[in-house]
Amino acid sequence: MRNILIPTDFTIASLQLIEYALLNFPNTKLNIVLIAGFTLPDTRWTIFHFNEREQIRKQISEEFNEAKRLIVREHKEVIENITFQLFTGVNSFAFQNFLQQHEVTDAVIPKSNSIQYPSRKFFDTTKFIKKNVKNAIEVPVEFTEEAPQKKYSLISLFNL
Amino acid sequence: MQLRTKITSIFIGLTSLFLTGIFILIYFVSKTYTESEFYLRLSQRATIAAQAYLEADELNIDIYDDIRILHLMTLPNEKEVIYRVDAERKVALTQLDKSLPERFYQIIFDTEYAELKKDNYYYTGLLFHDKEGDFIVVLSATDLYGFGKLDNLRNTLIVAFFISILFIFILGRVYATQALSPISKIIKEVNSIRAENLSFRLGTANGNDELGQLAKTFNNMLDRLQISFDLQSNFINNASHELRNPLTAILGRTEIALNKVRSKEDYLSILKNIELEASRLDFLVNGLLKLAKTDFDSKGIVIEPIRLDELILDIKKNIDTSTPENEIELDFEELPANENAITLMGSESLLKVAIGNILENACKFSDNKKVCIKVFSDTSSILLTIKDEGVGIPESELKNIYEPFFRASNARGIEGFGFGLPLAYRIIKMHSGEIRVLSQINKGTLVKIKLPNKNTTKSL
């Protein structure tokens, strides 16, 4: 069984990376770790009440869940598990610790810089993965899905 | 009337209605407030007047009046009248002012206080009890300042109303133009589409709003139109090409035979050859007729309910006969129990060609390694995944695979015309489906097909 690290921005398009992982590691049971970078809050109160699961849950939409479920159903025989992890560190040392903790040796990352987060609290971990994971496979994923519009921005009203 | 003008006028109508309501409310609230404030002042003045009158015997009335006029502001046109009355029997002891209605005095007797507005004059009446007897003080004045203020407010509101209507008109017009500009763009683009440039697509198809969806709908319609067009013309091309081969052979043979006098054996062999070619021709024509009957009926393509699992089993049987060494693995484990969920409306022969092409490609380009085909469904669609472990497609060429006659750079050694996948793509598009190809070079290819099932489409 292999643990595969895949960056995600919680869009359905980003799930394509999982399919590329399946293509690259045929006939192997895969444990997929979806990772997103997260900047820890800076007040004591919010750190004390920080809950990783809660933060992830807030980002996941119903459609995303549905798409994920579909992929698991589609490749039931090779996908062992899909888990979400937040990387809350700031440098490569922290990232190497993270890799050790999750026993990750392989990763699948998008070639173009297409990971975009709706919230500024999140950041892209692709460059950490590129630097620290031994076997990081770059795949040509095109995130055709539009970048999600900011929820309450007035610009979207006038931008017809 | 243009939509733009319509939108603007509705916009203006609604806002002016709303503004009128708000402005009228503002005006009347201010008016009521000014009046009630003035009545309060009147009643205060009336009290002072009454006290001056009552205490006339105890105080020097002239001094009191002086103070009152000098230091307490007199209202414009202020006039005070005091009547002696008998409150018990509710009758006046002196002559009352007849110009005021009887009702006014009645209210004073009942509640000891009354207000009245007549022309521009405000009246308040107060009933006082004193040891010398009861009396009514009626004080009247005009509210010059209040009227001035209200007039000013009314004028301001009217001017504000017209200015805002003007602005709303300009803004509404600009906004309507801007909102409708994509529509006029779409109209222009659609108008430029002719039979010879059917491959043209609307550029406004991004965005998830209604206009983006409209453009997408147009593009999908164009896809289907183009596919039907291409299919028809390809069919004629292929058919005439196929028909010509045996005909040329027959013509060649007869030409040779007629060239000079030949022996009986020669004639026999030539006739046999001609018979062979003619029977090939017969077979072809029969096949074409059959195809025409099934595919291109009088109405067009025959649409019928198809069970996708049965279709795939059929295709597998066909491939088994043509390439017996294939290793196609069918995975029907996730098949739904509900038959409708795995049934779709479509043309069986076309879908057979499409899925057959993809499967054949998977076998061909993986040198008959394992090919996994999985069918499952969700509520609205049937999903089909075909996974091989073949040569893959170079990522730079992945976007070209739906172009007819395109062949990937690593597929040169493998025979083919580059016609299978484009055809499959078009057929699946025609069934309102989606096809996605993911590939990693030398690792394999994953083809994902999504077709709407019978629950969602009643007809194509």
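All values reported here derive from a predicted model rather than from experimental measurement. (Residues numbered from 1 in each chain as written. Chains lettered and ligands numbered in written order. Predicted model: local features only at pLDDT ≥ 70, side-chain atom pairs only at ≥ 80, totals over all residues.)

1. Examining the overall build of chain A
A tally of regular secondary structure across chain A gives 7 helices and 6 strands. Counting helices and strands in the order they occur from the N terminus, chain A gives β-α-β-α-α-α-β-α-β-β-α-β-α. Counting all 160 residues of chain A, 28% fall into the buried class. Across chain A, contacts joining residues at least 24 apart in sequence account for 82% of those joining residues at least 6 apart. (Helix = DSSP H or I, 4+ residues; strand = E, 2+ residues; numbered from the N terminus. Buried ≥ 20, exposed ≤ 12 C-beta atoms within 10 Å, placed from the backbone. Contact = placed C-beta atoms within 7 Å.)

2. Re the interface of chain B and chain A
Listed by partner, the interface residues are 18 residues for chain B and 12 residues for chain A. Secondary-structure elements contributing two or more residues to the side of chain B that touches chain A are α4 (144-191), β11 (370-377), β12 (381-388), β13 (434-440) and β14 (444-452) of chain B. Ranked by residues supplied to the side of chain B that touches chain A, first place goes to α4(B) with 3 residues. For the side of chain B that touches chain A, the class distribution of residues is 7 nonpolar, 5 polar and 6 charged. (Nonpolar A, V, L, I, M, F, W, Y, C, P; charged D, E, K, R; others polar.)

3. Details of the nonpolar core
Core analysis: the largest hydrophobic core is formed by 74 residues, its most contacted members being Ile4(A), Leu5(A), Ile6(A), Ala21(A), Ala107(A), Ala354(B) and Leu359(B). Broken down by element, the residue count for this core peaks at 9 residues, all from helix α8 (residues 348-365) of chain B. Apart from the residues within four sequence positions on either side, Ala107(A) is in contact with Ile4(A), Leu5(A), Ile6(A), Ile129(A), Val133(A) and Ala136(A). Core analysis: the second largest hydrophobic core is formed by 19 residues, Ala46(B), Phe109(B), Tyr122(B) and Leu127(B) among them. (Core = buried A, V, L, I, M, F, W, Y, C linked by C-beta atoms within 7 Å.)

4. Notes on the packing of helix α1 (residues 3-54) of chain B against α4(B)
Residue and element names in this part refer to chain B. Across the interface, α1 lies against α4 with an axial gap of 9 Å and an inter-helix angle of 160 degrees. Compared by their axis directions, α1 and α4 come out roughly antiparallel. Relative to α4, the crossing made by α1 is right-handed. (Axes fitted to C-alpha atoms, helices over the stretch in contact; angles between N-to-C directions. Parallel < 35°, antiparallel > 145°, perpendicular 65-115°, else oblique. Left-handed = near helix turned anticlockwise from the far one by under 90°.)

5. A short note on helix α5 (residues 92-102) of chain A
All names here are of chain A. Among the residues of α5, Phe 95, Phe 98 and Leu 99 are the ones counted as buried. Each buried residue of α5 sits inside an arc of 100 degrees when the element is viewed along its axis, so together they form one side. Exposed residues lying more than 90 degrees from the buried face of α5 are Phe 93, Asn 97, Gln 100 and Gln 101. Just downstream of α5, Glu 103 is the residue with a positive phi angle, here 50 degrees. (Arc of directions from axis to C-beta.)

6. A closer look at the packing of helix α7 (residues 308-322) of chain B against α8(B)
When two helices pack together, you describe them by how their axes are tilted relative to each other and by the distance separating the axes. Residue and element names in this part refer to chain B. Relative to each other, α7 and α8 sit at 55 degrees, their axes nearing to 10 Å. The orientation of α7 relative to α8 falls into the category oblique. The hand of the α7/α8 crossing is right-handed. Listed contacts from α8 to Leu 311, Ile 312, Asp 314, Ile 315, Asn 318 and Ile 319 of α7 are Glu 348, Leu 351, Lys 352, Ile 355, Gly 356, Leu 359, Glu 360 and Cys 363. Residue classes in the contact of α7 with α8 are distributed as 8 nonpolar, 2 polar and 4 charged.

7. With respect to the confidence of the model for chain A
Should pLDDT be low for a region, the predicted coordinates there are not to be read in detail. All names here are of chain A. Chain-level statistics for chain A give a pLDDT mean of 82 and a share of 88% at 70 or above. The least confident element of chain A is helix α7 (residues 155-158), whose mean pLDDT is 52; the most confident is strand β2 (residues 30-38), at 91. The low-confidence segment residues 145-151, where pLDDT is below 50, has 7 contacts with residues more than four positions distant or belonging to other chains. (pLDDT = per-residue confidence, 0-100.)

8. Focus: the sheet that holds strand β1 (residues 79-86) of chain B
All names here are of chain B. Taken together, the 5 strands give an open sheet; going across it, the order is β2-β1-β5-β4-β3, and neighbouring strands pair in antiparallel fashion. Two strands close off the open sheet at either side, each with one partner strand: β2 (91-92) and β3 (113-118). By the bridge criterion, 7 bridges tie β1 to strand β5 (residues 133-142) in an arrangement that is antiparallel. For Tyr 83, the partnering residue across the bridge sits in β5 and is Ile 136. Sitting on the sheet, α1 touches β1, β3, β4 (121-130) and β5, and the angle it makes with β4 is about 40 degrees. Where helix α3 (residues 102-111) meets the sheet, it contacts β3, β4 and β5, and its direction lies at approximately 160 degrees from that of β3. (Pairing = 2+ DSSP bridges.)

9. Section: the environment of Arg69(A)
All names here are of chain A. Inspection of the secondary structure assignment puts Arg 69 in helix α4 (residues 62-74). Accessibility expressed as a C-beta count within 10 Å gives 12 for Arg 69, which makes it exposed. Spatially, the C-alpha atom of Arg 69 lies 9.8 Å from that of Ile 82, the residues being 13 residues apart in sequence.

10. Considering unusual backbone geometry
Positive phi, normally seen in glycine, also occurs at Glu103(A), with a value near 50 degrees. Among the structural elements, Glu103(A) can be located in the loop between α5 and β4 (106-110). With phi around 55 degrees, Asn77(B) is a residue other than glycine that occupies positive phi space. A tally of 13 C-beta atoms within 10 Å means that Asn77(B) is categorised as partly exposed.

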